[in-house]
Amino acid sequence: MVQSKARGWTPAQAGEQSGRVAVVTGANSGIGLETARALAVAGATVVLACRDVGRAEQAREAIAESAPDAEVRVEQLDLAALASITEFAARLPYPAIDLLINNAGVMASARDRTADGFELDFGTNFLGPFALTGRLLDRLAAAPAARIVTVGSHTDRTPSARLDFEDLQSENGFRAARTYARSKLAVTTFMVELDRRLTAAGSSTRALGAHPGGVRTGILNQQNRLLRFAFDERLARLTNWFSQSPADGARAILRAALDPAAQGGDYFGPGGRNPLVGPPERVPITRPALDPVLGARLWAEAEKLTGVRYLGG
């Protein structure tokens, strides 16, 4: 584990989390692992929801070094398969869930498809979390003040990040960076629309978002050599002006999950001039994601594609 060295808000400020249940997707490595670790250290019961059970077991062992008394459970979950999402939700033994951290994501280097035929980035990064949230919503509602934290990316505000409803799944041309950015804009738009609908329903559950900045993780493993080089953890001393450790990147997610002062619809990320590194602060949400018409249209598309309907669908 690379310890966080950044100043500012830390999970310790949120206090003890014992008695709370947290589900963290993609928790076997990177910011997902560091998020799960911090929650376990704080006393929460943590579910590592991961596609690769073997790697998740290794993550559980790593977490035990920091939180030997924590209850950490491994469950298989493939967000690129709707059947896996349904089975995962049915297996969970907890009647109430306090935190759902929609962290897992991919950045494909070439066009690929999920088990259900969706473009891989769009299906895994957006449709999977949309379906999972719907499958777990009743148990989130059973907790007194549950939070759903959706992990976005600063790429959602790049010029190529727009929701083209005529080509949501990049059928008319795949470019890795553009497809990823569009999937992450969908993620942020989903978070805003989710909180909008939870509020309208009078729910005590809140939806928040976070982006980790430039983090040295394995999500770039399929990308070109320059990107892999730039975000290589071994070169941290050379690249720490635009990249940070997974432990530091996880702090924006943890603040969205745990900060008592956070409100529904808040979005956290590295503060200051550089949006890629630094302590977590409330940061602006990209304007298209705030559009209620766009949010409602994207929600309807997700319901149609996944067959999962909730909150007025």
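Asks: I'd like a description of the nonpolar core, backed by residues and values.
Replies: Nonpolar side chains in soluble globular proteins tend to be buried together. Of all hydrophobic cores here, the largest spans 52 residues; its most connected members are Phe-88, Phe-126 and Leu-136. Ignoring sequence-local partners within four residues, the contact set of Phe-126 consists of Asp-121, Ser-183, Ala-186, Val-187, Phe-190, Leu-298 and Ala-302. By size, the runner-up hydrophobic cluster in this structure holds 37 residues, among which are Leu-33, Ala-252, Ile-253 and Ala-257.

Asks: Explain the packing of helix H4 (residues 120-141) against helix H9 (residues 292-306) to me, using residue names and the numbers behind them.
Replies: Relative to each other, H4 and H9 sit at 90°, their axes nearing to 10 Å. With respect to H9, the element H4 is oriented roughly perpendicular. In this structure, H4 uses Phe-122, Phe-126, Leu-127, Phe-130 and Ala-131 to contact H9, whose residues at the interface are Leu-298, Trp-299, Ala-302, Glu-303, Leu-305 and Thr-306.

Asks: I'd love a proper account of the environment of Ala-256, names of residues and values included.
Replies: With respect to the element layout, Ala-256 can be found in helix H8 (residues 246-258). Relative accessible area serves as the criterion here: at 0%, Ala-256 is assigned to the buried category. C-alpha of Ala-256 to C-alpha of Val-149: the two residues are 107 residues apart in sequence and 6.6 Å apart in space. Ala-256 has contacts with Arg-147, Val-149, Leu-208, Gly-209, Ala-210, Ala-262 and Phe-268, leaving out every residue within four places of it along the chain.

Asks: An account of the pairing of strand S7 (residues 267-270) is needed here, citing residue identities and associated values.
Replies: Residues in a regular strand point their side chains to alternate faces of the sheet. Note that strand S6 (residues 206-210) and S7 share two bridges and pair parallel. Pairing of Ala-210 across the sheet is with Phe-268, part of S7. Strand direction decides the pairing type here: S7 and strand S8 (residues 280-282), joined by three bridges, are antiparallel. Within S8, the residue paired with Gly-269 across the bridge is Glu-281.

Asks: Go over helix H1 (residues 30-41), please, and point to the residues and values.
Replies: Taking 1.5 Å of rise per residue, twelve residues should cover 16 Å, and H1 covers 17 Å from first to last C-alpha, within 8% of that figure. Of all twelve residues that make up H1, ten are buried, and the element is covered over most of its length. Those residues of H1 not exposed but buried are Ile-31, Gly-32, Leu-33, Glu-34, Thr-35, Ala-36, Arg-37, Ala-38, Leu-39 and Ala-40.

How each quantity is defined
- The numbering scheme is per chain: residues are counted from 1 as the chain's sequence reads.
- Local features are withheld for residues below a pLDDT of 70 in this predicted model, meaning they are given only at 70 or higher, and side-chain atom pairs are given and counted only at 80 or more; totals for whole chains, interfaces and linings count all residues.
- The side-chain quantities take in all heavy atoms of the structure and omit both hydrogens and water.
- Residues enter a nonpolar core if they are buried and are Ala, Val, Leu, Ile, Met, Phe, Trp, Tyr or Cys, with the set joined through side-chain atoms within 4.5 Å.
- The cut-offs for exposure are 20% and 50% of the maximum accessible area for each residue type, with area from a 1.4 Å probe on protein chains only; residues under the lower value are buried, those over the upper are exposed, and the others partly exposed.
- For this analysis, residues touch if any pair of their heavy atoms sits within 4.5 Å.
- Inter-axis angles, ranging from 0 to 180 degrees, are taken between N-to-C directions of lines fitted to C-alpha atoms, where helices are fitted over the stretch in contact.
- Going along the chain from the N terminus, every DSSP run of H or I of four or more residues is numbered as a helix, and every run of E of two or more is numbered as a strand.
- Working rule for angles: under 35 degrees goes down as roughly parallel, over 145 as roughly antiparallel, 65 to 115 as roughly perpendicular, anything else as oblique.
- Pairing between strands is defined by DSSP: at least two bridges between the two strands are required.
- Helix span, expected: 1.5 Å multiplied by one less than the number of residues in the helix.

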